[in-house]
Amino acid sequence: MKVLIIGGVAAGTKVAAKLKRENPSAQVQILTKSQDISYAGCGLPYYVGGLIKEREELIVNSPAKFSKLTGASVETSIEVTKVDRSSKTVSATNLSTQETLTYSYDKLIIATGASPVVPPVEGIHLENVFTMRTPEDAVSLRAAIEAGQIKRAVVAGGGFIGLEVAENLHSQGIRTTVIDMAPQIMPPFDPEMAEYAENHLADLGIMAFTNTRLEAVLGETKVEKVKTSRKAMKADALILALGIRPNTGFLADSGIELNDNGTVKVNDSFQTNDPDIYALGDCAMVTNRITQKPAWSPMGSSANIEGRLLAQNLNGHSGQYPGVLGTGVCKLPGLNCGRTGLGEAAAKEAGFDPVSVITVVDDKAHYYPGASSFLVKMIADRNSRKLLGLQCMGSGEVDKMIDIAVMGISLGAALTDMEYLDFAYAPPFSTAIHPFAHTLNVLLNKISGEFETFTPVEYQAGAAEGYTLIDCSPAPSLEGAEYLDYTSLTGEFPGHSKEEPLFLVCAKGKRAYLTQNRLKSLGYTNTRVLEGGTTFNGTEIEA
């Protein structure tokens, strides 16, 4: 079997390595346009920031080393320009010699990845306009920083890569601004979670301007200003992180079916409409594991999973890819952000009746040095109580929260299936009631009606109007609010009828819940707790 693979970063090299391990007699050849294969694209921002010292650390394998380790052959600087399905050949150009070449195949694997979006605006080719997709991109940006050329920078794009670049620029004393034409940063997150992250960045001096379009880059020979739909911003550099487009242009006349966004249409075995041609990684469209609808998930993690499965299938197995959850995690200065599954709006659009809760919970024993909080949003279906999604932010290890949710969602678990799980506990690592279990319990209480709340979104929309604000903190902390220490409440709440709307607020929501519980036991029928308290919603709660 002669297997030809176009592309050699994550998906392509994974297919080749696994294929040769299981079937050493297979003839496997990789063609790649770049000089490097198997490089760590997600590590590029950290090379810019100096956390990764040497460029070589970004390169997992050289072509020669990969060939020696796996037995697959690798040709670099080869750009495939055409696929001829009738003759089972591809045409290509050697970028070093400009020679036209032809390669044959029994099975063809398209793993060409994607390229950064570069908008056709004035000045986009000026010096110190950078993208962030290849090791060369990161090397160029860091060289300009080390040469003292960059004091102010604008990052166009508020997704994970853009924000990670912003963090690494900011860490080196560069005044950094982020712009994005979307209404929020980190669009996979629900709006209130993204707003929390945006406010956190602003407190640190990284300003993010949403609903802001890049219009032009101004300067004589290099970047001097970045013109946006909001205003022109002084800058020495512009870093483009506006998203990516799949590298599938060479398939235009091949008859291989593409989606509207240019990704390759594949089935759950990564097979295209040609049974001998497969596609995977950033250039292919897969499905969402929950909804089974098309989903584009250009991540190195999913590319490796896909590559392993495809290799097994080529070797005679019949595995089917169950789909992605859109799982992601991002490191910002002082705030780690992770998510998986469906957001609230996406869950509703998919036909669920979503119910969510936001909690502020300890990430480890509160008395242990370095303890902090997780801000968690958990989403489930109200009727089946199936877990649908989780979003988590905090200075600690948010990935453990996300990974638990990944397992639960993937196994189709309901909240009640996860209610009494035996999570690991020791003070340096977690709390006796695990933060995931804590949030799950709170959501179950909300679904049952025991915990009655206003979400941050409901509060911002004015749901608390007409309610009397009650400060439920351990000590008075809300200006203009009446204070209530629930531990001293044994009878009626003086001055308030049992039907009066009472809005209960504390720092995190827990003490307000305990207050609500006490008031209910005393016959008070109209109380609401602000989810996330002042920690999530800010301290300016209106009395």
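Keep in mind that what you see is a predicted model, and the values were worked out from it rather than measured.

Trainee: How would you explain the pattern of salt bridges if you had to name every residue and give the values?
Mentor: Taken as a whole, this structure holds 21 salt bridges when the rule is applied. For E452, the salt bridge is made with K520, and the minimal N-O distance between the two is 2.8 Å. Highlighted residues: E452 in the loop between α10 (435-448) and β29 (453-454) and K520 in helix α12 (residues 510-521), separated in sequence by 68 residues. Taking relative accessible area as the criterion, K520 reaches 28% and is therefore assigned partly exposed. Each of the salt bridges in this network shares a partner with another, and the network as a whole consists of D190, E192, E344 and K377.

Trainee: Break down the sheet that holds strand β9 (residues 107-110) for me, with residues and values.
Mentor: One open sheet accounts for five strands, arranged β5-β2-β1-β9-β21; its pairing is parallel. Among the strands making up the open sheet, the edge pair consists of β5 (73-75) and β21 (277-279). Looking at each pair of strands side by side, their axes are set apart by 20° on average, direction ignored. With three bridges joining them, β9 and β21 adopt parallel strand pairing. Looking across to β21, one finds that I109 is bridged to Y278.

Trainee: Give a detailed account of the state of the cysteines, specifying residues and quantitative values.
Mentor: Scanning the entire structure with this criterion turns up zero disulfides. C337 forms no disulfide, and the closest cysteine sulfur to it belongs to C330, at a distance of 5.8 Å. With a relative accessible area of 0%, C337 lands in the buried category.

Trainee: Describe in detail the packing of aromatic side chains, supporting the description with residues and values.
Mentor: Within this structure, the stated rule accounts for eight aromatic pairs. Seen in terms of ring centroids, F454 and Y467 are 5.2 Å apart; in terms of plane orientation they differ by 85°. Their pairing is edge-to-face. Taken as a pair, F454 in strand β29 and Y467 in the loop between α11 (456-460) and β30 (468-471) lie far apart in primary sequence, 13 residues in all. F454 sits in the buried class, given a relative accessible area of 8%. When the ring of F454 is compared with that of F503, the centres are 5.9 Å apart and the planes differ by 55°; the resulting orientation is tilted.

Trainee: How would you explain the nonpolar core if you had to name every residue and give the values?
Mentor: Within the largest apolar cluster, 43 residues are counted, with the highest numbers of intra-cluster contacts made by L141, I150, L169, M186, I239 and M393. For L169, the contacting residues outside a window of four places in its chain are V48, L141, I145, A153, V155, I174, T176 and I239.

Trainee: Which residues make up helix α6 (residues 191-203), and what are the values?
Mentor: For α6, with 13 residues, the first-to-last C-alpha span of 18 Å sits near the 18 Å given by 1.5 Å per residue. Every buried residue of α6 is listed here: E192, M193, A194, Y196, A197, E198, H200 and L201. After α6 finishes, the residue G205 shows a positive phi value of roughly 100°.

The rules behind the values
- Residues numbered from 1 in each chain as written.
- Predicted model: local features only at pLDDT ≥ 70, side-chain atom pairs only at ≥ 80, totals over all residues.
- Heavy atoms only, no water.
- Salt bridge = Lys/Arg side-chain N within 4 Å of Asp/Glu carboxyl O.
- Helix = DSSP H or I, 4+ residues; strand = E, 2+ residues; numbered from the N terminus.
- Buried < 20%, exposed > 50% of the residue type's maximum accessible area, 1.4 Å probe, protein only.
- Pairing = 2+ DSSP bridges.
- Axes fitted to C-alpha atoms, helices over the stretch in contact; angles between N-to-C directions.
- Disulfide = S-S within 2.5 Å.
- Phe/Tyr/Trp six-rings, centres within 6.5 Å; stacked < 30°, edge-to-face > 60°.
- Core = buried A, V, L, I, M, F, W, Y, C linked by side-chain atoms within 4.5 Å.
- Contact = heavy atoms within 4.5 Å.
- Expected span 1.5 Å × (residues − 1).

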